[in-house]
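# An overview of the molecular structure
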Amino acid sequence: MQAFKKHTGKTAAIFQPNIDTDQILPKQFLKRITKNGYGNFLFFDWRFDEQGNEKPDFVLNQPRFRDASILLAGKNFGSGSSREHAPWSLADFGFRVVIAPSFGEIFYNNCFKIGLLPIILEENLVAELVEKTEKIENYLLTVDLEKLLIFNEKNFSVRFATDEFRRECLLNGWDDIGLILKFEDKISEFELKRPLWTFFLNENKEQ
Amino acid sequence: MKTLYDKIWDAHIVHAESGKPALLYVDLHLIHEVTTPQAFDGLREKNRKVRRPDLTIGTLDHSIPTKNIFGKITDEFAAKQIEVFRKHCNKNNIKFFDIGADHQGIVHVFAPEMGLSQPGMTIVCGDSHTSTHGAFGALAFGIGTSEVEQVLATQCLQQTKSKNLLIRIGGKLGFGVTAKDLILHIIGIIGTDGANGFVIEYSGEAIENLTMEARMTVCNMSIEAGARAGLIAPDETTFEYLKEKFYAPKGENWENAMEYWKTLPSEKDAKFDKTIEINANEIAPYVSWGTTPAMVAPVDGNVPELSVAKIDGQSYERALNYMNLQPSQKIEEIEINRAFIGSCTNSRIEDLRIAAQIVKGYKVNSKVSAMVVPGSQTVKKQAESEGLAKIFTDAGFEWRESGCSMCVAMNGDFLLSGERCASTSNRNFEGRQGRGGQTHLASPATVAAAAICGHFTDVRDWKFKDNGLWFLVFGL
């Protein structure tokens with residue numbers, strides 16, 4: 001996994017509540033078997049009309065937000081489906097951070113797994129950042145995961161909280177399967193204690 | 001004193017350290033074609049093996065066609081995804097049900113019907129509606145593809161424990177009111193993020209009286225309220241359903257399992273972080289009017305005014321605009337041109353029995369195109385042998401092969417822009433059933449009635465042409 005320590009980038013805001021994963025990455029792109037290349041499909045129905053032309057009004061189509069890497073969103077961002085394709089598409093588009101008052105839980109978990117940092121921030125603070133993003137040309141924020149700080153060189157600084165274990169994984173870019181496999185003995189031990197009535201599905205492995 | 005969730009959690013801890021997520025063992029890993037190819041690739045890149053193919057089982061459901069299933073799949077992306085899934089399962093010695101196979105079906109339909117979902121288990125799948133299996137008193141939840149890879153490699157997940165939310169539903173559901181109406185009512189009250197950070201346990205008289213299939217409908221939509229999982233304590237209804245199922249324990253194992261399962265329900269003085277009381281007597285058949293499953297109204301009511309809609313103005317305007325509806329518009333005056341009976345929420349045999357009783361003796365409205373997509377091949381065959389399929393086709397419904405179909409609309413079954421659909425599925429998000437398509441969530445009874453009338457109607461007043469059986473319709 002890509003490590004995340006500190007990132008400075010432009011912000012873009014889609015500040016409405018309940019943006020579900022169907023909006024972030026519509027289902028027609030779920031038939032692909034790779035992890036890459038979803039950036040062009042991010043917010044597809046919002047970005048493109050039915051003929052495939054860009055909708056100029058949509059925020060990520062506006063020249064000043066095209067290279068944004070910090071997304072500001074409304075509450076319950078990423079609700080709905082478990083598709084990891086949603087965070088993949090945000091990351092592939094160029095986002096490294098999503099800041100929202102709350103997230104859909106599976107989406108939130110998925111982000112950490114791929115090195116996209118989701119940050120929960122009070123709604124009024126997100127609103128403040130949204131306002132600055134809209135008013136100030138090239139508004140930049142720095143997100144420092146080591147110091148747990150979001151700041152702008154000029155006039156903004158706020159601390160954020162995140163789960164300590166996830167923070168450590170992200171800072172180091174750890175492969176969490178590798179971490180779990182360190183406990184292989186414990187897993188085997190647990191398996192021996194499983195109740196006798198539990199079933200085994202594969203005929204070749206019938207015990 | 002422990003809750004059902006606490007007990008299952010504690011029984012599956014492989015390793016725990018303070019300040020870190022627990023390592024939780026997974027008893028059953030369900031897989032399908034959409035959320036697994038990248039996980040298998042990840043394993044291969046790191047030269048890792050599937051640890052327990054014998055606790056992993058697959059089905060094809062999301063991308064597959066629901067007609068001409070043995071013909072060539074013309075969507076090249078779907079064809080490739082299906083082919084890759086077969087290859088991964090075969091190579092890793094994982095049992096799976098292929099298109100048209102006896103037990104093939106939607107992952108959350110075939111597993112319970114084969115007795116795979118059992119009380120006290122941990123069940124995961126790369127699909128958010130895995131919460132369905134909580135109906136058995138199993139801790140079941142959806143995971144992303146990275147976590148699918150984790151479970152394939154280790155049979156474990158790093159998990160942080162959620163809080164306990166009790167939703168107690170007293171009273172009785174009235175005639176014509178089903179489990180779907182109950183869960184839409186609950187989501188309408190608590191909102192799409194009302195259970196964020198929680199595992200819900202549903203209890204109370206109304207829950208105890210539900211059949212297993214109805215309980216699955218309730219738990220299925222727990223995710224639409226933001227919950228990690230939904231649970232219902234196992235009881236005689238659960239045991240009766242499971243007994244003799246293919247993968248259910250047999251003989252002495254059954255006795256031992258029962259003894260354990262009976263210890264699972266939450267203790268009387270168990271501590272819940274939050275409790276919500278619901279009165280089932282007050283619940284009407286529901287229809288969604290907006291673009292989240294919390295935007296619902298009683299069928300005999302109206303599209304709410306903003307002042308009573310319990311949502312922010314921006315979301316309200318956007319939803320009405322997308323749905324092309326007006327404030328105060330009567331729900332019963334909303335006309336539809338599509339009807340979909342299917343999905344992991346409502347495609348089981350009881351759902352089809354209810355819908356067929358409504359439909360019997362009627363014709364689908366000439367302005368409506370309607371289809372029934374059974375949840376599994378088993379459901380399909382059962383419905384055919386009971387004569388339900390004939391009732392549907394005689395009325396003008398299309399009778400399809402099993403799969404997710406127009407719930408997720410990625411298999412070629414979808415709404416055209418501007419089409420308005422009464423749907424038994426679980427999500428009415430913008431574009432969910434097709435770009436520009438307008439989805440109204442409702443129960444199988446309400447959708448069946450809407451297909452016939454061409455607009456929503458209150459099934460509590462439905463005139464059953466088959467008078468002899470009307471009282472069986474809702475199992476009352």
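These notes cover the structure that comes with them. (Residues numbered from 1 in each chain as written. Chains lettered and ligands numbered in written order. Predicted model: local features only at pLDDT ≥ 70, side-chain atom pairs only at ≥ 80, totals over all residues. Heavy atoms only, no water.)

## Some thoughts on the sheet that holds strand 8 (residues 156-159) of chain B
Sheets are built from strands paired through backbone hydrogen bonds, the pairs being either parallel or antiparallel. Residue and element names in this part refer to chain B. The following threshold applies: Paired strands, as defined in this entry, are two strands with at least two bridges between them according to DSSP. Runs of E in the DSSP output that reach at least two residues are strands. Runs of H or I that reach at least four are helices, and both are numbered from the N terminus. Note on geometry: axes are C-alpha line fits, over the in-contact stretch for helices, and angles between N-to-C directions span 0 to 180 degrees.
Ordered by their spatial adjacency, 3 strands build an open sheet running 1-2-8, and the pairing between neighbours is antiparallel. Strand pairing shows two members of the sheet lacking a second neighbour, strand 1 (13-15) and strand 8, which therefore form its edges. Across the sheet, the mean angle from the axis of one strand to that of its neighbour is 40°, orientation sign disregarded. Pairing of strand 1 with strand 2 (residues 22-25), which is carried by 2 bridges, proceeds in the antiparallel orientation.

## A short note on the interface of chain A and chain B
Selection criterion: Whether two residues are in contact is decided by their heavy atoms, any of which lying within 4.5 Å being enough. A quick way to say it: buried area is the sum, across both parts, of accessible area lost when two parts are put together, with a 1.4 Å probe. The rule for a salt bridge is simple: a side-chain nitrogen of Lys or Arg has to be within 4 Å of a carboxyl oxygen of Asp or Glu. Within 3.5 Å is the distance limit for a polar contact, defined as a pair of N or O atoms, with the added protein rule that one can donate a hydrogen and the other accept it, and that residues adjacent in sequence qualify only through two side-chain atoms. Residues are grouped as follows: Ala, Val, Leu, Ile, Met, Phe, Trp, Tyr, Cys and Pro are nonpolar; Asp, Glu, Lys and Arg are charged; all remaining types, including Gly, are polar.
On the side of chain B, 87 residues touch chain A, which itself brings 65 residues to the contact. A combined buried area of about 6400 Å² lies between chain A and chain B, and 53% of that area is made up of carbon and sulfur atoms. Taken together, chain A and chain B are joined by 11 salt bridges. A salt bridge links Asp22 of chain A to Arg432 of chain B; the nearest nitrogen and oxygen atoms lie 2.9 Å apart. On inspection of chain A and its partner chain B, the count reaches 36 residue pairs in polar contact (both at pLDDT 80 or more). Elements that contribute at least two residues to the side of chain A that touches chain B include exactly helix 1 (21-24), helix 2 (44-47), helix 3 (85-93), helix 4 (105-113), helix 7 (176-181) and helix 8 (184-192) of chain A. Of the residues contributing to the side of chain A that touches chain B, the split by class is 25 nonpolar, 17 polar and 23 charged.

## Digging into the nonpolar core
Note on soluble globular proteins: their nonpolar side chains tend to be buried together. Note the cut-off: Put simply, a nonpolar core is a bunch of buried Ala, Val, Leu, Ile, Met, Phe, Trp, Tyr and Cys residues held in one set by side-chain atoms that sit within 4.5 Å of each other. Accessible area is worked out with a 1.4 Å probe on protein chains only. A residue is then buried under 20% of its type maximum, exposed over 50%, and partly exposed in between.
Counting 119 residues, the largest nonpolar core has Phe43, Phe77 and Leu90 of chain A together with Trp289 of chain B as the members making the most contacts within it. Each residue touching Leu90 of chain A, except ones within four places of it in the same chain, is listed here: Ile24, Leu42, Phe43, Leu71, Phe77, Phe95, Val98, Phe107 and Leu116 of chain A.

## Side note on the side chain of Thr345 of chain B
Residue and element names in this part refer to chain B. Take Thr345: it is sitting in the loop between strand 15 (338-341) and helix 12 (349-359). At 2.9 Å, the side chain of Thr345 forms a polar contact with the side chain of Asn426. Beyond its immediate sequence surroundings of up to four residues, Thr345 is in contact with Lys180, Thr217, Asn220, Met221, Asp351, Thr424, Ser425 and Asn426.

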